[in-house]
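# Residue-level structure breakdown
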Amino acid sequence: MTAPRTVLLTGAAGGLGTLMRELLPPYGYRLRLFDQRPVDGEPEAITADLADRAAVREAVRGVDAIIHFAGISLEAPFEQILRANIEGTYHLYEAAREEGVRRIVFASSNHAVGFTPRPADGSGAIGIGTPRRPDTYYGLSKGFGEDLASLYWDLHGIETVSLRIGSCFPRPTTVRMLSIWMSPADCARLLHAALTAEGVGHTVAYASSANTRLWWDLTTARALGYTPQDDSEPYAAELIAAQGELDPDNPEHAHLGGAFCTDPPRWPY
Ligand code: NAI
Ligand code: 15L
């Protein structure tokens, strides 16, 4: 696919949005920014809630593609998740259909499969066909987003790459993250691949760097043209010295989703 020029970035005020606002323009994209919160230093950003269907439709109008990051990114009461992540994502897809946008990159999450037992470090054993096992209402909403993307491909021909993101932060901060970390630079590489690959239909891919301790299989992401450049291993010695190795007898360490399976971090708002 020809590289889309104007891309709507929802969730632009958030952690990933802030990182990608710096890292995506060098690939040639002009970003239109959207968030319910003002975006620092970006007076032209659209400040609106995904619940506002008219605002979402206007935001989508005329863009070549969408990166959908906006939503609740931790656990929250079901009613809040329903409004932001389930209805909000539906509003975005409806707006894309109405405005003729043909390509979306959806930020899914490892928490769609969070109750999958943790495999051996470096095994890459978790494949894309692993059954969904959400660990939270949050993870459940990501499964919904993936299925909505599938429906809009089959019904309306809107292509989506659903990225089951591991942990994308400037550096890994836990031993668990050593296995699922995605560097911000690799995230930008993967988004570029997902925006430009031909014939993606609805593709689901795990999203991380090429970590030595990887738990999942990056084949689908690589098939999009993504070549990860980073590995969390340089952080391993320091993190393991401070936190110890993952303990098979600790329930928090037993599943892919980590603490989301036992005591999930809560959305603060
Ligand atoms: P974040 O919480 O920092 O940013 C989310 C943004 O969405 C916030 O700026 C918030 O204001 C906005 N938002 C929330 N509800 C909204 C609504 N109803 N209408 C408009 N805007 C709304 O999250 P982060 O870390 O930047 O993640 C971005 C996306 O990637 C999220 O969808 C998250 O679930 C997903 N993800 C992130 C991972 C990571 O490691 N950062 C891992 C897996 C998935
Ligand atoms: C996610 O889905 C969250 O949005 C992010 O904040 C991290 O907690 C990440 O998963 C993770 O599993 O580390």
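This is a predicted model, so every value here is computed, not measured.

Further remarks concern the packing of helix α1 (residues 15-23) against helix α6 (residues 184-196). Working note: a packed helix pair is described by the angle between its axes plus the distance between those axes. Where α1 contacts α6, the two axes come as close as 10 Å, and the packing angle between them is 75°. By the angle class used here, α1 and α6 are roughly perpendicular. When α1 is examined against α6, the residues Leu 16, Leu 19, Met 20 and Leu 23 are found in contact with a partner set consisting of Pro 184, Ala 185, Cys 187, Ala 188 and Leu 191. Here the contact of α1 with α6 is composed, by residue class, of nine nonpolar, no polar and no charged.

On to the packing of aromatic side chains. Taken as a whole and judged by the stated rule, the model has six aromatic pairs. Here the aromatic rings of Tyr 93 and Tyr 152 are separated by 5.5 Å at their centres, their planes lie at 70°, and the arrangement is edge-to-face. Taken together, the positions of Tyr 93 in helix α3 (residues 78-99) and Tyr 152 in helix α4 (residues 137-156) put the pair 59 residues apart, joining distant regions of the chain. With a relative accessible area of 5%, Tyr 152 lands in the buried category. Ring plane angle 85° and centroid distance 5.0 Å describe the contact between Trp 267 and Tyr 269, whose orientation is recorded as edge-to-face.

UniProt marks residues 7-168 with the feature "domain: NAD-dependent epimerase/dehydratase" (unreviewed entry), using the numbering shown here. Note that residues 7-168 is 36% helix and 19% strand, and that its end C-alpha atoms are spaced 20 Å apart.

So, about the site of ligand 2. Around ligand 2, the structure places Ser 73, Leu 74, Ser 109, Asn 110, His 111, Tyr 138, Gly 166, Ser 167, Phe 169, Arg 176 and Phe 260. Contacts to ligand 2 include Arg 176, whose side-chain N or O atom sits 2.8 Å from an oxygen atom. In isolation ligand 2 has 320 Å² of accessible area, and contact with the protein removes 83% of it. Residues belonging to the shell around ligand 2 are distributed by class as follows: four nonpolar, six polar and one charged.

With respect to the helices and strands, Asp 135 occurs in the loop between β5 (103-109) and α4. Although Asp 135 is buried, it makes no salt bridge; Arg 176 carries the closest opposite charge, 6.2 Å away. At a separation of 2.8 Å, a polar atom in the side chain of Asp 135 contacts the side chain of Thr 136. In contact with Asp 135, not counting residues within four places along its chain, are His 111, Gly 114, Phe 115, Gly 257, Phe 260 and Cys 261.

Examined against the element boundaries, Arg 57 turns out to sit in helix α2 (residues 53-60). Under the relative-accessibility criterion, Arg 57 is labelled partly exposed at 31%. Along the backbone, Arg 57 and Glu 94 are 37 residues apart, and their C-alpha atoms lie at a distance of 8.2 Å. Not counting residues up to four positions away in its chain, the partners in contact with Arg 57 are Ala 95, Glu 98 and Glu 99. In terms of polar contacts, Arg 57 uses its side chain to reach the side chain of Glu 99, at 2.6 Å.

What follows concerns the pairing of β5. Within β5, seven of the seven residues are buried, which leaves the element mostly enclosed by the surrounding structure. Where burial is concerned, the two faces of β5 agree: the one with Arg 103, Val 105, Ala 107 and Ser 109 and the one with Ile 104, Phe 106 and Ser 108 are both buried. Both strand β4 (residues 65-68) and β5 contribute to a ladder of three bridges, which runs parallel. Its bridge partner lying in β5, Ile 66 is registered against Ile 104. Crossover connection from β4 via α3 to parallel β5: handedness right-handed. Where β5 meets strand β6 (residues 159-165), seven bridges bridge the pair, whose relative direction is parallel. Paired with Arg 103 across the two strands is Glu 159, which belongs to β6. One crossover worth recording links β5 to the parallel β6 by way of α4, and it is right-handed.

Rules used throughout
Residues numbered from 1 in each chain as written. Chains lettered and ligands numbered in written order. Predicted model: local features only at pLDDT ≥ 70, side-chain atom pairs only at ≥ 80, totals over all residues. Heavy atoms only, no water. Axes fitted to C-alpha atoms, helices over the stretch in contact; angles between N-to-C directions. Helix = DSSP H or I, 4+ residues; strand = E, 2+ residues; numbered from the N terminus. Parallel < 35°, antiparallel > 145°, perpendicular 65-115°, else oblique. Contact = heavy atoms within 4.5 Å. Nonpolar A, V, L, I, M, F, W, Y, C, P; charged D, E, K, R; others polar. Phe/Tyr/Trp six-rings, centres within 6.5 Å; stacked < 30°, edge-to-face > 60°. Buried < 20%, exposed > 50% of the residue type's maximum accessible area, 1.4 Å probe, protein only. UniProt positions renumbered as here; feature names shortened; annotations may be inferred. Near = heavy atom within 4 Å. Polar contact = N/O pair within 3.5 Å; in protein donor to acceptor, adjacent residues only side chain to side chain. Areas by Shrake-Rupley, 256 points an atom, 1.4 Å probe, with all protein chains shown as cover. Lys, Arg positive; Asp, Glu negative; His and termini not counted. Salt bridge = Lys/Arg side-chain N within 4 Å of Asp/Glu carboxyl O. Pairing = 2+ DSSP bridges. Right-handed = clockwise from strand over helix to strand, strands pointing away.

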